[in-house]
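# Observations on the model geometry
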Amino acid sequence: MGVINTGTHPKLLWPGLQAIWGNMYKDQPEGHTSVFDMGTSDKAYEEDQELSGFGLAPVKSEGGSISYDTTVNGYVTRYTNVTYGLGFIVTQEAVEDNQYKAQAEKRVRALRRSMRHTKETVAANVINRAFAGSGQVGGDGVALVANNHPTASGTQSNLLAVAADLSEASLEDILIQIRLATDARGLRIALQGRKLIVAPQNEFNATRILKSMLQNDTANNAINALRASGMLPDGVLAWSFLTDPDAWFVKTDAPDGLKGLNRRPLALEKDGDFETGNFKHKATERYAFGWSDWRAVFGSPGA
């Protein structure tokens, strides 16, 4: 267990420092709030149950009996709330002899920053582990982005048919795949791509693809169909917490898809230890991230 004492930062015990730097950089906007549909929880875990609709209606012969169908229970997704916490301890002497009292406030702000980065990392790992082989599976027993999601009408896919790096052509292919998506019984659904999610290494490429007036990286005098048709109205998110520079994803408007649940908000607490005189500071937060409907995101790991 680490303890901040008078020997940890000896320069803080003497006047004369012009600046103390390195622990208070500006943070980027949170990405998880624009990727996941955030909600609240009041239990140890929450569960989502998939329930299908009906299939296609068969021909009814004259004088014949009507056919009857039934809805089908699908897969159950469980969101288990996990507590994350971090703290620091400062000796009484280090507090007394510190010549830069504002540094104590910066430590608390740095603790809050660590908790913020932890939440972003936990959320981003749902996307980072989206493909087969990551060890992370959903309620249907397969990875988030896969070509073998089991449904009542057979396996379905939210994985680009042929793995490809992000380009105008590959993005068009996956948007077509989204438009042709079906529910568990095989009926077409009005699914639309909303946001392109990429790693920072792909941000400029993604912006050119979506915002060029004409077709990107070609001499053809043709309009940019993606821009002209208003595809991906929520634009591009370059999320710094994504670990694969080649992987890219399209978030759709499927309800109950990518979900985040806040069980207990960030709490900062402090207390003094009677025996040692040390001052303890801690931060805790409890939440869960995951997905219920895999149709919320389509993607490719890159070529």
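Described below are features of the structure shown in this document. (Residues numbered from 1 in each chain as written. Predicted model: local features only at pLDDT ≥ 70, side-chain atom pairs only at ≥ 80, totals over all residues. Heavy atoms only, no water.)

So, about the overall build of the protein chain. Per the secondary structure count, the protein chain includes six helices and 10 strands. Nonlocal contacts in the protein chain, meaning residues at least 24 apart in sequence, comprise 77% of its contacts between residues at least 6 apart. Per element, the accessible surface of the protein chain, about 17,200 Å² overall, is 53% carbon and sulfur. (Helix = DSSP H or I, 4+ residues; strand = E, 2+ residues; numbered from the N terminus. Contact = heavy atoms within 4.5 Å. Areas by Shrake-Rupley, 256 points an atom, 1.4 Å probe, with all protein chains shown as cover.)

Attention now moves to unusual backbone geometry. Even without being a glycine, Leu232 presents a positive backbone phi close to 55 degrees. You can see Leu232 is positioned in the loop between helix 6 (225-228) and strand 6 (236-238). Using a relative accessible area of 4% as the deciding quantity, one classes Leu232 as buried. The residue Asp256 is not glycine, and still its phi comes out positive at about 55 degrees. Residue placement: Asp256 occurs in the loop between strand 7 (248-252) and strand 8 (258-272). (Buried < 20%, exposed > 50% of the residue type's maximum accessible area, 1.4 Å probe, protein only.)

Pairing between the strands of a sheet comes from backbone hydrogen bonds, and it takes one of two forms, parallel or antiparallel. With mixed pairing, four strands are arranged side by side in an open sheet as 6-5-7-10. Looking along the sheet, the strands with just one partner apiece sit at the ends: strand 6 and strand 10 (297-300). Sheet twist, expressed as the average angle between the axes of neighbouring strands with direction ignored, equals 20 degrees. One ladder, built from three bridges, connects strand 5 (residues 193-198) with strand 6; its direction is parallel. Following the sheet pairing, Leu196 is matched in strand 6 by Val236. The sheet contacts of helix 4 (residues 168-179) involve strand 5, strand 7 and strand 10, and relative to strand 7 the element is tilted by about 35 degrees. Strand contacts of helix 5 (residues 203-211): strand 5 and strand 6, with the helix running at about 150 degrees to strand 5, the strand carrying the most contacts. (Pairing = 2+ DSSP bridges. Axes fitted to C-alpha atoms, helices over the stretch in contact; angles between N-to-C directions.)

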